[in-house]
Amino acid sequence: MHDDSNVSPESRLAQACHYIDEVTGGISPPIQLSTTYARAPDYSYIGNYSYGRADNPSWEVLEKVCADLDGGADAKCFASGMAAVCAFFETVNTGEHVVAPRIMYHGSQDWLRRISARRAIGLSLFDACDLEDLARQVRPGETSVVWIETPVNPTWDVIDITRAAKIAHDAGAILAVDATVSSPVTTQALAHGADIVFHSATKYLNGHSDVVAGMLVTAREDDRWEEIKLVRTLTGGILGPFEAWLLLRGMRTLFLRFEQASRSALQLAQHFENHPRLRRVLYPGLESHPGHDVACRQMTRGFGGMLSLLVDGDAEVAKRIAGNTRLFVRATSLGGVESLIEHRASVEGPHSAVPENLLRLSVGIENCQDLIEDLEQSLQNPE
Ligand SMILES: *Cc1c(COP(=O)(O)O)cnc(C)c1O
């Protein structure tokens, strides 16, 4: 690999940081399936590899590309987003204190609640739209981690990473950012002051709804990072070599996919903003959205493909509208090439804080006019 730091990020990503296999000249990396590695007669390793749970060359190009994409010192891939979240929170010790948003990815919050109860870790939740509340919740000298997510699912409020980082650092804590929804295309969380970035690579990074994977990217290779790597090796939350290869293949088109999804989502949001069957459209690209100003500063290449519709009616009306779509697929998840619609409260279950009339859309890369017409016809026939 040669120095390509002077070319733009989408060029580097398209070529996987100018990857060329040193043995064959192949421009797509091989998949190493071996679980173990032979030693030389003097018992030294032939390559730098020992055993499949500890290291695999199929991770290396992927991790280098992810570190590059987020401007980090190193990146590590995991078997799923949640495997990465769990590995990260393994580094928090009994007696320490964590602050996280009240509304955040429910799996991460469930895990946090569980470990905080079992390991006597303090946990405070703040109102994701209110950084003054974050400042009140941190405990200087005791809080070790502030975890945020931006934009916030499913209201898509945008948290100011620079301000959150200052609050965390002033209290002696680190800032970890779940950047799954913004993606490194539009938000460079580390450059805004975050210490660690997390991605559910299942979503935009892979983009084709066919790989479950997670990624952590660090600003520095410090003691916590060493611990995270050790946790991955010892708990075995590793990505399969074929999944690593698929993920790298999907990622090469990330900029194209994300920018198309952002363009279409903005068009949909503007088209449906004053629709008579909707009470509101929530999208950070709309001037009416409370997070719009921060989004303009922090989301530099599009506002993303996620938006929510608050329908004029109850859960039944919302579900009927979702039931009428012909192009939007009724399914959970986000960030894939195919557009999805979901009744979020049903997905999260009876304890969900999500309004019952909210429909969440993940906009894909289909023709935008087709998407608009599909939603128009679903809204016309709520019976
Ligand atoms: C999907 C998701 C996760 C969990 O990732 P998995 O790959 O499903 O384990 C975490 N955070 C956010 C914001 C997500 O959308």
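Remember, predicted model here, so these are calculated numbers, not experimental data.

Asker: How do you make sense of helix α2 (residues 57–70) when you look at a structure like this?
Answerer: Given 3.6 residues per turn, any residue in an α-helix points the same way as the ones three and four places further on. Taking 1.5 Å per residue, 14 residues should reach 20 Å; α2 reaches 21 Å between its end C-alpha atoms and fits that length. Counting buried positions over the 14 residues of α2 gives 10, a clear majority of the element. Every buried residue of α2 is accounted for by S58, W59, V61, L62, E63, V65, C66, A67, L69 and D70. Structurally, the start of α2 carries an N-cap: the backbone nitrogen of S58 is 2.6 Å from a side-chain oxygen of N56.

Asker: What is the right way to read the nonpolar core from this model?
Answerer: Inside soluble globular proteins, nonpolar side chains tend to come together where they are buried. Counting residues in each nonpolar core, the largest one holds 62 residues, and the members touching the most others are L62, L134, V146, I148, L175, L247 and M251. Looking at this core element by element, the count peaks at seven residues for α2. For L247, the contacting residues outside a window of four places in its chain are L62, A201, L205, N206, V211, A213, M215 and L239. Counting 30 residues, the second-largest nonpolar core is a separate cluster that includes L307, V317, I321 and L359.

Asker: Explain the pattern of salt bridges here, please?
Answerer: Proximity of charged atoms lets side chains of opposite charge pair with each other. Taken as a whole and assessed by the stated rule, the structure comprises 20 salt bridges. Residue R301 pairs with E259 through a salt bridge whose shortest N-O separation is 2.9 Å. Here E259 lies in helix α10 (residues 254–272) and R301 lies in the loop between α11 (292–298) and β9 (306–311), a separation of 42 residues in the sequence. On the accessibility criterion, R301 (29% relative accessible area) is partly exposed. Judged by relative accessible area, E259 falls into the partly exposed class, the value being 23%. The salt bridge partner of D312 is R279, with a shortest N-O separation of 3.0 Å. Taken as a pair, D312 in the loop between β9 and α12 (315–323) and R279 in strand β8 (residues 278–282) lie far apart in primary sequence, 33 residues in all. On the basis of relative accessibility, which here comes to 45%, the residue D312 falls in the partly exposed class. In the salt-bridge network here, residues are joined through shared partners; they are E342, R344, E348 and R360.

Asker: Would you take a moment to explain α12 for this structure?
Answerer: All of the buried residues in α12 are A315, V317, A318, I321 and A322. Looking straight down α12, one finds that the buried residues subtend no more than 165 degrees of arc, so they occupy a single side. Here the buried face of α12 lies against β9, β10 (329–330), β11 (340–343), β12 (358–362) and α14 (368–380). Its side-chain oxygen placed 3.1 Å from the backbone nitrogen of E316, D314 serves as the N-cap of α12.

Asker: I'm lost on the sheet that holds β9 in this one. Help?
Answerer: Whether parallel or antiparallel, the strands of a sheet pair through hydrogen bonds between backbone atoms. The strand order across the open sheet formed by five strands is β8-β9-β12-β11-β10, and the pairing between neighbours is mixed. Single-partner strands in this sheet number two, and they are β8 and β10. The pairing of β9 with β12 spans five bridges and is classified as antiparallel. Bridging from a neighbouring strand, L309 pairs with L359 of β12.

Asker: Just to check I follow, could you spell out the state of the cysteines for this structure?
Answerer: As used here, a disulfide is simply a covalent bond connecting the sulfur atoms of two cysteines. Enumeration according to the criterion identifies zero disulfides in this entry. With no disulfide of its own, C129 has C296 as its nearest cysteine by sulfur position, at a separation of 17 Å. On the accessibility criterion, C129 (53% relative accessible area) is exposed. C368 takes part in no disulfide bond, and the closest cysteine sulfur, belonging to C296, lies 19 Å away.

Asker: Any chance you could explain the domain arrangement of the protein chain here in plain terms?
Answerer: When the parts come together, some accessible area is lost, and that loss is often what is quoted as the size of the interface. Domains assigned within the protein chain are domain 1 (9–251) and domain 2 (255–380). For domain 1 versus domain 2, the separation of C-alpha centres amounts to 27 Å. Every contact between the two is made by 32 residues of domain 1 and, on the other side, 33 residues of domain 2. Taken as a group, W156, V185 and Y204 account for 27% of the area that domain 1 buries against domain 2, more than any other trio of residues on that side. Joining domain 1 to domain 2, the criterion identifies two salt bridges. Residues E10 and R301 are paired through a salt bridge, measuring 3.0 Å at the closest nitrogen-oxygen approach. The interface formed by domain 1 and domain 2 contains 19 residue pairs in polar contact (both at pLDDT 80 or more). Residue assignment for the side of domain 1 that touches domain 2 shows that the elements contributing at least two residues are α1 (9–14), α7 (183–186) and α9 (241–251).

Scoring rules and cut-offs
- Residues numbered from 1 in each chain as written.
- Predicted model: local features only at pLDDT ≥ 70, side-chain atom pairs only at ≥ 80, totals over all residues.
- Heavy atoms only, no water.
- Helix = DSSP H or I, 4+ residues; strand = E, 2+ residues; numbered from the N terminus.
- Expected span 1.5 Å × (residues − 1).
- Buried < 20%, exposed > 50% of the residue type's maximum accessible area, 1.4 Å probe, protein only.
- Polar contact = N/O pair within 3.5 Å; in protein donor to acceptor, adjacent residues only side chain to side chain.
- Core = buried A, V, L, I, M, F, W, Y, C linked by side-chain atoms within 4.5 Å.
- Contact = heavy atoms within 4.5 Å.
- Salt bridge = Lys/Arg side-chain N within 4 Å of Asp/Glu carboxyl O.
- Arc of directions from axis to C-beta.
- Pairing = 2+ DSSP bridges.
- Disulfide = S-S within 2.5 Å.
- Domains from an automatic or database assignment.
- Buried area = accessible area lost by both parts, 1.4 Å probe.

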